[in-house]
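Secondary and tertiary structure notes
These are the residues of each chain, in order.
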Amino acid sequence: MKVFSEIKDLKQHISELKRSNKKVSLVPTMGNLHSGHISLVDKARQESDVVIVSIFVNPIQFGPNEDFNKYPRTLEEDLEKIKKAGVDIVFTPSIEAMYNDISNSGSKILGSYKNKLLCGKFRPGHFDGVLTVVMKLFNICEPDKAFFGMKDYQQYVLIKEMCDSLNLNIDVVACPLIRDKDGLALSSRNAYMSSEQRVMALSLSKALNSIKSAFEKGEKKVKHLKGLGLNIMIESNVAVQYIEIVDPVSLLCAEEAKKGDLVAVAAYSGKTRLIDNNIL
Ligand code: AMP
């Protein structure tokens, strides 16, 4: 496994791989890797010759009062995990390598109206930061395919839309959301929670499950379905930021839910912000 932190060295290596017609996959991450990340790597390995994992805690996607400073950085353990998973290349750039001047990160990708919905409403500028870093990683790594988890469903939709609207020749692959045995969606941020807060956090997946089963039993009114999920989360003492049922492509809501719609939630368990979703 080769580890690169300099952009020019990685670019040179990739152009050699491209000359020998290797199909390259990219799995962008912020590190502190868990089985959710590894599931993306496994899929990428099956679908390409060379797998690149990037590990970069991207400062421009964090708001001023968010957890950029305390975000878990566990590079040694991450390298061990991805070596075991058969990754060929790891890209671990410094902030200075990615942004010459962090106070002015230069041109940005601003995305569409979808940037401002769901999580975008509560994290202004977050998705501009995500799209910008992903575009930079695409330009540096020149992947044929890039793998993203449905855990961050809105992020996947925005990246897919960016590739389609800007004619990037990259196949954006959506990978299933991986959960713990008890239903909690795996996340690097789960480590912030106490055991009590972790129990409270289970109410997110419980809310999603009960919405889905009510929908399957015939309840179509979005207002009623949302109310059902909201009650479950409120009873567990998590602070709900939003619960929405939206079209999976436009991310817009209607009065009646339909099969294939996205149910998305965000809530705080203690000080930890959690997101989760499922598809009706
Ligand atoms: P992150 O390191 O949180 O930026 O995530 C990197 C990639 O891993 C993103 O595409 C995420 O959607 C994906 N990912 C994170 N957690 C999970 C999970 N529980 N299941 C599937 N994919 C995940």
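We now turn to the structure provided with this report. (Residues numbered from 1 in each chain as written. Predicted model: local features only at pLDDT ≥ 70, side-chain atom pairs only at ≥ 80, totals over all residues. Heavy atoms only, no water.)

1. Remarks on the site of the ligand
Neighbouring residues of the ligand: 17 residues in total, closest M30, H37, D152, I178 and L186. Measuring from an oxygen atom of the ligand, one finds a backbone N or O atom of M30 at 2.9 Å. For the ligand, an oxygen atom lies 2.6 Å from a polar atom in the side chain of D152. In isolation the ligand exposes 480 Å². Once the protein is present, 93% of that is buried. Secondary-structure elements contributing two or more residues to the shell around the ligand are β2 (24-29), α2 (35-46) and β5 (145-149). Looking at the shell around the ligand residue by residue, the class counts come to nine nonpolar, six polar and two charged. (Near = heavy atom within 4 Å. Polar contact = N/O pair within 3.5 Å; in protein donor to acceptor, adjacent residues only side chain to side chain. Areas by Shrake-Rupley, 256 points an atom, 1.4 Å probe, with all protein chains shown as cover. Helix = DSSP H or I, 4+ residues; strand = E, 2+ residues; numbered from the N terminus. Nonpolar A, V, L, I, M, F, W, Y, C, P; charged D, E, K, R; others polar.)

2. Thoughts on the sheet that holds strand β8 (residues 262-269)
One open sheet holds the three strands; their spatial order is β7-β8-β9, and the pairing between them is antiparallel. The outermost strands of the open sheet, each flanked by one partner alone, are β7 (239-246) and β9 (272-279). Strand after strand, the sheet turns through a mean of 10° between neighbouring axes, direction not considered. With eight bridges connecting them, β8 and β9 associate as antiparallel partners. Looking across to β9, one finds that V263 is bridged to N278. (Pairing = 2+ DSSP bridges. Axes fitted to C-alpha atoms, helices over the stretch in contact; angles between N-to-C directions.)

3. Quick word on the sheet that holds strand β6 (residues 171-175)
Ordered in space as β1-β4-β3-β2-β5-β6, the six strands form an open sheet in which the pairing is parallel. The open sheet is flanked by β1 (2-4) and β6, the only strands paired with a single partner. On average, each strand axis in the sheet is tilted by 25° relative to the strand beside it, whichever way the strands run. Sitting on the sheet, helix α6 (residues 126-141) is in contact with β2, β3 (50-55), β4 (89-91) and β5, with an inclination near 150° to β2. Against the sheet, helix α7 (residues 153-165) engages β5 and β6, with an angle of about 165° to β6. (Contact = heavy atoms within 4.5 Å.)

4. Re the packing of aromatic side chains
Inspection of every chain in the model, using the stated rule, returns six aromatic pairs. Seen from their ring centres, F62 and Y71 are 6.0 Å apart, and the 75° between their planes marks the pair as edge-to-face. Like Y71, F62 is buried. For the pair F122 and Y242, a centre-to-centre distance of 5.8 Å together with 15° between the ring planes defines the contact as stacked. Here the residue F122 occupies a position in helix α5 (residues 119-122), and Y242 occupies one in strand β7, the gap between them amounting to 120 residues. A relative accessible area of 36% places F122 in the partly exposed class. The class of Y242 is buried, set by a relative accessible area of 7%. Here the aromatic residues F62, F68 and Y71 are joined through ring pairs into a cluster of three or more. Between K70 and the ring centre of Y192, over which it is positioned, the NZ or CZ distance is 4.2 Å. (Phe/Tyr/Trp six-rings, centres within 6.5 Å; stacked < 30°, edge-to-face > 60°. Buried < 20%, exposed > 50% of the residue type's maximum accessible area, 1.4 Å probe, protein only. Lys NZ or Arg CZ within 6 Å of the ring centre and 35° of its normal.)

5. Observations concerning the layout of surface pockets
Of the volumes computed, that of the second largest pocket is approximately 150 Å³. Looking at the second largest pocket, it is lined by 13 residues, and the ones nearest its centre are I55, F56, V57, R73 and L75. Across the lining of the second largest pocket, the residue classes tally to seven nonpolar, four polar and two charged. (1 Å grid on protein atoms, 1.4 Å probe; cavity = no way out; pocket = protein on both sides within 12 Å on 5 of 7 lines; lining within 4 Å. Points joined across faces, edges and corners; volume = space filled by probe spheres on them.)

6. Quick word on the pairing of β3
β3 sits mainly inside the fold: six of its six residues count as buried. Here β3 shows no split at all, with V50, I52 and S54 on one side and V51, V53 and I55 on the other all buried. Here β2 runs beside β3; their pairing, made up of six bridges, is parallel. When the sheet's bridge partners are listed, L26 is paired in β3 with I52. Regarding topology, α2 serves as the crossover connection from β2 to the parallel β3, and that connection is right-handed. Viewed along the sheet, the connection from β3 through helix α3 (residues 75-84) into β4 turns out right-handed. (Right-handed = clockwise from strand over helix to strand, strands pointing away.)

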